Amino acid sequence: MTNVIEVQDISKRFTIHHERNQTLKERILHPRSGSSEIFDALSDINFTVAQGETLGIVGHNGSGKSTLLKCICGVLKPTTGQIRLRGNLAALLELGAGFQHELSGRDNVYLYGSMLGFTRKMVDAIFDDVVAFSELEHFIDTPVKFYSSGMYVRLAFAVAVNVNPDILVVDEVLAVGDERFQAKCIDRIRRFQREGRTILLVTHQADTVRAICDRAIVLDHGNMIADGPVTEALRIFRERLLGDVIDHRPGGSGVVTIDGLSAPSGSFEVRHGSSLRFDATLTCDHAVSGNLVIEVFTRTGLLVSRNDAEASPVTLRPGVNKVGVELANVPLLDGVYDLNVGLVEPQGATMLAWREKAASLQVLYDGRSSGVVAIESSVTQW
Amino acid sequence: MVSARASLRTRLSNLIARRELLLSLITSDIRIKYKGSALGLFWSMLSPALTLATYYLVFSVFLKNGIPLFVVYLFAGLIVWNMFQTAVSSATGVIVDRAGLVKKVSFPREILALSNVGASVIYFVIQIVVLAIFLAIVGHAPAWGFLWLLPISFVALYLLTASIAVVMSAITVYLRDVRHLMDVVLQLWFWVSPVVYSYENSIAPALRIRGLTALYFINPMTPIILTFQRIFYVNTTVRSTTTGLPLHILPAWSMTTFAEVNVGLLVFAVALFLVALVIFGRLEGNFESEL
């Protein structure tokens, strides 16, 4: 497998001016005034992406995800290091960034295509596909300043995916557009994957990464803290987010840990349709109340269920606490499932504690249905 | 391949690879400018035609300076100056103005400045056409033998303009005043170039006596303007229409001298353009934090 993206020792340093001395007069009068601060947006990032791989880049706001993506696309110059790309790249950093408002949709398709590095002939060849994908047949000769934001996004996305780049870079743009168009975009991304193209996706939505990516890297304050399979990377991402929450709590107190889950029966084995009881052990250093969140995942990383946190309030005393949990009438089918347990604040959703893969749930099922859950169906012939 | 610093060779090959973008930026600029106007590009033809007609009227009827067909002399120089001035003054702020694009889409940034130069090339061509029509109307033949110098001189003009436009567009990102400074500099520059007055009426002859002619050619616009005037106005010496005395207008250089000057200038302009790309590359790295 050849590597299409090689990122070597990339660092990016920004100088933040607190007082902007941008006029000639100020520069001459106060050559060194105005405090500035050095900010390392990225430090020594190294990774490679193989052809056909879909890589997710996750991280909280300000972790350097977008900076990294901009370096890869060549919008930003890294301070040190280099990035090698094989094949052409189409980037959707901000949909429609290159659009000229006064020009028609048609003219903008050509202009945007040439910005992505494609010739007029190449755009000619895909023009009809672009228009069909964007569903803007009636408005293609209207200046884009009259477009709604949804139309704008559709046109930009349609150009980027139809130029058939070897590498597609997408930055949080899947969140826009209506549900149907989103589904269409995901569909197109899946086709890209089947065609063996490489995709780089930046998001902070864990679900999107789980659904699309093969691999993920996690950035935190400009450092790469994880690079690996999606579930593993997301676990590290969550733990880091959690760590940040604890760090930022006033007074520095209130550390809650989830020590583990234990089942009275000794095993997390449950027959389909019956109930499972288990206890969660939580330790905290002062009284705290919160809601217990339980997530059930399949081994392939599909979220089966996340309970409504507000329905399960608990009040913890300082010291070791035991909380009983019952999963009623488990509708799951045969297989092994992962349980994630967390404690969130009663108001708002600030995570107080999280334990990924706190236990593995073994479900036994004798029936003939296959899938994840059983949906009873009865068939009547009229 | 993205790295902290790209070599001049990769900069040049990137530029050549993205020539389609340059073309579509130029055409979209022009399209936006004449969007919704029925006559479109015809307007940009009308304006120089009107200028030419006005000058013709003024200098042959009201302000007789004795130089026959002075308007042709004036217009030949103005064409060159207009191309330089409109390109440089519009390109100076282009990166600041298109910050949204610069921060979101990847392409060689100097293309933005070059697209402004490209737009002024189109107006340059239109003005040449207007001048040619005018020459046909008044029955004044250009110096056919010198015509082959025109492309050389034009390429030198283009590269010179592009170099200054590219460097200025980058400097303006750091020092926003440069835009206003440039307006003033361009005005001064105009008056030290022999556009409105004739070369032989400037300080050039005085410099020549002292052997300092080179000093006048520090301004690289001078030889280009002189070449255009030589091609279109033709006469080095004319007889005054008012006094009947001979008037020296253009330097009495041979064609060889003109050729040498132009080729020399072309070599200089090529070198300057490469230097401009290097300077731009050095300045480009911090655009993001300044825009």
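Small disclaimer: the values here were computed from a predicted structure and weren't measured.

### Details of the overall build of chain A
Within chain A, the regular secondary structure consists of 8 helices and 18 strands. Taken across its 382 residues, chain A has 37% of its residues classed as buried. Put simply, 71% of the contacts in chain A that link residues at least 6 apart link residues at least 24 apart.

### Observations regarding the overall build of chain B
Along chain B, the regular secondary structure elements total 14 helices and 3 strands. Taking 291 residues into account, the globule formula puts the C-alpha radius of gyration at 19 Å, and chain B, at 21 Å, falls close to it. Across its three principal axes, chain B shows a C-alpha extent of roughly 65 × 50 × 35 Å. Put simply, chain B has 291 residues, and 39% of those count as buried.

### As for the sheet that holds strand β7 (residues 198-202) of chain A
All names here are of chain A. Pairing is mixed across the open sheet formed by 6 strands, whose spatial order is β5-β6-β7-β3-β8-β9. Two strands lie at the open edges of the sheet, namely β5 (89-92) and β9 (223-229), each paired on one side alone. Neighbouring strand axes in the sheet, compared pairwise and without regard to direction, differ in orientation by 15° on average. Where strand β8 (residues 215-220) lies against β9, 6 bridges are found, and the strand directions are antiparallel.

### Let's talk about unusual backbone geometry
Backbone geometry places H221(A), a non-glycine residue, at a positive phi of 45°. Along the chain, H221(A) falls in the loop between β8 and β9. We classify H221(A) as partly exposed; it has 16 C-beta atoms within 10 Å. Despite not being glycine, L69(B) has its phi angle at roughly 50°, a positive value. Along the chain, the position of L69(B) falls in the loop between α3 (42-62) and α4 (70-92). Accessibility expressed as a C-beta count within 10 Å gives 21 for L69(B), which makes it buried.

### Section: the environment of D9(A)
Residue and element names in this part refer to chain A. For D9, the position within the fold is in strand β1 (residues 3-17). Residues D9 and I83 lie 74 residues apart in sequence; the distance between their C-alpha atoms is 8.7 Å. Contacts of D9, omitting those with residues within four sequence positions, involve D44, N46, T80 and G81.

### A look at the environment of F118(A)
Residues and elements named next belong to chain A. Looking at the secondary structure, you find F118 in the loop between α3 (105-115) and α4 (120-134). Among the residues examined, F118 registers 23 C-beta atoms within 10 Å and is labelled buried. Setting aside residues up to four positions removed in sequence, F118 forms contacts with G113, V123 and V163.

### Structural notes on the nonpolar core
Judged by nonpolar contacts, the single largest core of 154 residues is most densely connected at A160(A), V169(A), L200(A), A216(A), A165(B) and V166(B). For this core, the leading source of residues is α4(B), giving 16 residues. When neighbours within four sequence positions are excluded, L200(A) is seen to be in contact with V49(A), L55(A), I57(A), L69(A), I72(A), I167(A) and V169(A). Ranked by size, the runner-up nonpolar core spans 28 residues in total, among them V270(A), C284(A), V341(A) and L361(A).

### Details of the interface of chain B and chain A
Chain B puts 26 residues into the contact, and the matching count from chain A is 35 residues. Going through the elements one at a time, β1 (2-3), α2 (19-33), α6 (99-104) and α14 (287-290) of chain B are the ones with two or more residues in the side of chain B that touches chain A. Counting residues per element, the side of chain B that touches chain A draws most heavily on α2(B), which supplies 6 residues. A breakdown of the residues in the side of chain B that touches chain A according to their chemical character gives 9 nonpolar, 7 polar and 10 charged.

### Overview of α4(A)
Residues and elements named next belong to chain A. At I126, α4 shows its strongest bend, of approximately 50°. Considered for burial, the residues of α4 that qualify are V123, V130, V131, F133 and S134. Its buried side turned inward, α4 meets α3 and α5 (149-162). Backbone geometry just downstream of α4 places E135 in the positive-phi region, at approximately 60°.

### Overview of the confidence of the model for chain B
Regions with low pLDDT should not have their predicted coordinates read in detail. Mean pLDDT for chain B: 86, with 98% of residues reaching 70 or above. For this predicted complex, the interface confidence score (ipTM) comes to 0.75, while the overall pTM stands at 0.76.

### What about the packing of α3(A) against α2(B)?
At a minimum axis separation of 8 Å, α3(A) and α2(B) run at an interaxial angle of 150°. Relative to α2(B), α3(A) is oriented roughly antiparallel. Two packed elements cross with a definite hand, and for α3(A) against α2(B) that hand is left-handed. Where α3(A) abuts α2(B), its residues D107(A), Y110(A), L111(A), S114(A) and M115(A) lie against E20(B), L21(B), S24(B), S28(B) and R31(B). When grouped by side-chain class, the residues that make up the contact of α3(A) with α2(B) number 4 nonpolar, 3 polar and 3 charged.

What counts and what doesn't
- Residues numbered from 1 in each chain as written.
- Chains lettered and ligands numbered in written order.
- Predicted model: local features only at pLDDT ≥ 70, side-chain atom pairs only at ≥ 80, totals over all residues.
- Helix = DSSP H or I, 4+ residues; strand = E, 2+ residues; numbered from the N terminus.
- Buried ≥ 20, exposed ≤ 12 C-beta atoms within 10 Å, placed from the backbone.
- Contact = placed C-beta atoms within 7 Å.
- Rg over C-alpha atoms; globule rule 2.2 N^0.38 Å.
- Pairing = 2+ DSSP bridges.
- Axes fitted to C-alpha atoms, helices over the stretch in contact; angles between N-to-C directions.
- Core = buried A, V, L, I, M, F, W, Y, C linked by C-beta atoms within 7 Å.
- Nonpolar A, V, L, I, M, F, W, Y, C, P; charged D, E, K, R; others polar.
- Bend = angle between axes of the 7 residues up to and from the residue.
- pLDDT = per-residue confidence, 0-100.
- Parallel < 35°, antiparallel > 145°, perpendicular 65-115°, else oblique.
- Left-handed = near helix turned anticlockwise from the far one by under 90°.

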